[in-house]
Amino acid sequence: MEQVVIIGTGCAGLTAALYTARANLKPLVLTGIMPGGLLTTTSIVENFPGWPEGIDGFELMQKMQQQAERFGARVEFGTVDKVDLSGSPLKISVDRKPIETKTLIISSGAGHRHLGLENEAKLENKGVTFCATCDGALPMFRDKPLVVVGGGDSACEEATFLTRFGSKVYLIHRRDQLRASKIMAERTLANPKIEPVWDSAVTDVFDVAQGKVTGVKIKNLKSGEETTLDCAGLFVAIGHVPNTQLFKGVIDMDDAGYIKRVNGSNTNVPGVFVAGDCSDKVYRQAVTAAGMGCAAAIDAERFLTSLE
Ligand code: NAP
């Protein structure tokens, strides 16, 4: 029987792992399909305290894992496929292997939101991508015009990163003002290789017949005018959806699927705690996720003490 199982190895999960490991609870930490979480796909993280020059997202997550492991956290590659949280102990299944635990910390993070276009799905990995850091350097994007969709920090970061590779980057946003933080927005709009396309939505992607991206159809949401834009890549950066489908009907969540927290990191199920992006649609920062992971670890530890 485990004392603590932690689902997810992003900032929230690994911080919960660090704290529960230091409390000598030997947490079992399950990576899911994306070890290190979404931050591993970020190039440079400039706003995590303690790194005045910034740090590569992948490196930061590696260091967090090493720190948790140093105190006895057991990080295992595995995906939870079933949960039964109806009694004590809590029961989960990891790649069909049953595990029982006294407490569970859900820090399953969030995934990329898609535009929902038919051809977006058909051309995924053929020029449509959700991660510029992962794919931007591919030969198919070199010295070609590229399109980024979105108006948040992610879209700005992706557009700026892609100017290293593309001949030009169009930033298509559905409003005429970026949602991104001031510093990111200013940096992006000052970049001569980035051209914003305001009040516009991508309504189609070409060309499925050729098996690669050759352009996008754009609709101006104010005038209704439709145009096409030649490009070799479509980078979709329009936010995230929480990875909480597994807990639907079991754990209380809001309409968008974010797990509800009560009294700190508690959920509606005793012994089940939550931290990070799967429960936070407001702040969604590496450092707030880490803070929530710490809180969940402390709450789990206190819960275990109360059982004794
Ligand atoms: P976000 O802040 O939620 O922004 C999503 C953007 O996509 C918004 O501009 C939104 O438009 C647009 N959008 C949403 N759904 C759309 C749709 N169906 N079609 C077209 N556009 C759509 O998401 P994010 O940029 O991924 O950032 C998430 C969080 O991570 C934020 O808190 C951000 O600060 C943080 N972050 C930080 C950094 C950094 O500091 N280095 C880097 C990346 C992300 P509207 O503006 O009209 O709503």
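The structure we're discussing is the one just above.
Student: Which residues make up the overall build of the protein chain, and what are the values?
Tutor: A count of helical and extended segments in the protein chain gives 7 helices and 19 strands. By the compact-globule yardstick of 19 Å for 308 residues, the protein chain fits well, its C-alpha radius of gyration being 21 Å. Its C-alpha atoms give the protein chain principal-axis dimensions of roughly 65 × 40 × 30 Å. Relative to its 308 residues, the protein chain shows a buried fraction of 49%. Long-range contacts, defined here as pairs at least 24 residues apart, represent 57% of the contacts in the protein chain between residues at least 6 apart.

Student: Hey, could you go over the sheet that holds strand E10 (residues 128-129) for me, with residue numbers and the actual values?
Tutor: The strand order across the open sheet formed by 5 strands is E10-E17-E11-E12-E13, and the pairing between neighbours is parallel. Looking at strand neighbours, the two that pair on one side only are E10 and strand E13 (194-197), the edges of this open sheet. Sheet topology note: the strand E11 (residues 145-149)/strand E17 (residues 233-236) ladder contains 4 bridges and is parallel. Across the sheet, Val-147 pairs through a bridge with Leu-234, a residue of E17.

Student: Kindly report on the site of the ligand, identifying the contributing residues and their values.
Tutor: In the vicinity of the ligand there are 19 residues, among which Asn-47, Asp-153, Ser-154, Arg-175 and Arg-179 approach most closely. A distance of 3.4 Å separates a nitrogen atom of the ligand from a polar side-chain atom of Glu-157. Taking Arg-179, its side chain carries an N or O atom lying 2.7 Å from an oxygen atom of the ligand. Here the ligand has 920 Å² of accessible area as a free molecule, and 80% of this is covered by the chains. Sorting elements by how many residues they give to the shell around the ligand places helix H5 (residues 153-162) first, with 3 residues.

So, how was this worked out
- Residues numbered from 1 in each chain as written.
- Predicted model: local features only at pLDDT ≥ 70, side-chain atom pairs only at ≥ 80, totals over all residues.
- Heavy atoms only, no water.
- Helix = DSSP H or I, 4+ residues; strand = E, 2+ residues; numbered from the N terminus.
- Rg over C-alpha atoms; globule rule 2.2 N^0.38 Å.
- Buried < 20%, exposed > 50% of the residue type's maximum accessible area, 1.4 Å probe, protein only.
- Contact = heavy atoms within 4.5 Å.
- Pairing = 2+ DSSP bridges.
- Near = heavy atom within 4 Å.
- Polar contact = N/O pair within 3.5 Å; in protein donor to acceptor, adjacent residues only side chain to side chain.
- Areas by Shrake-Rupley, 256 points an atom, 1.4 Å probe, with all protein chains shown as cover.

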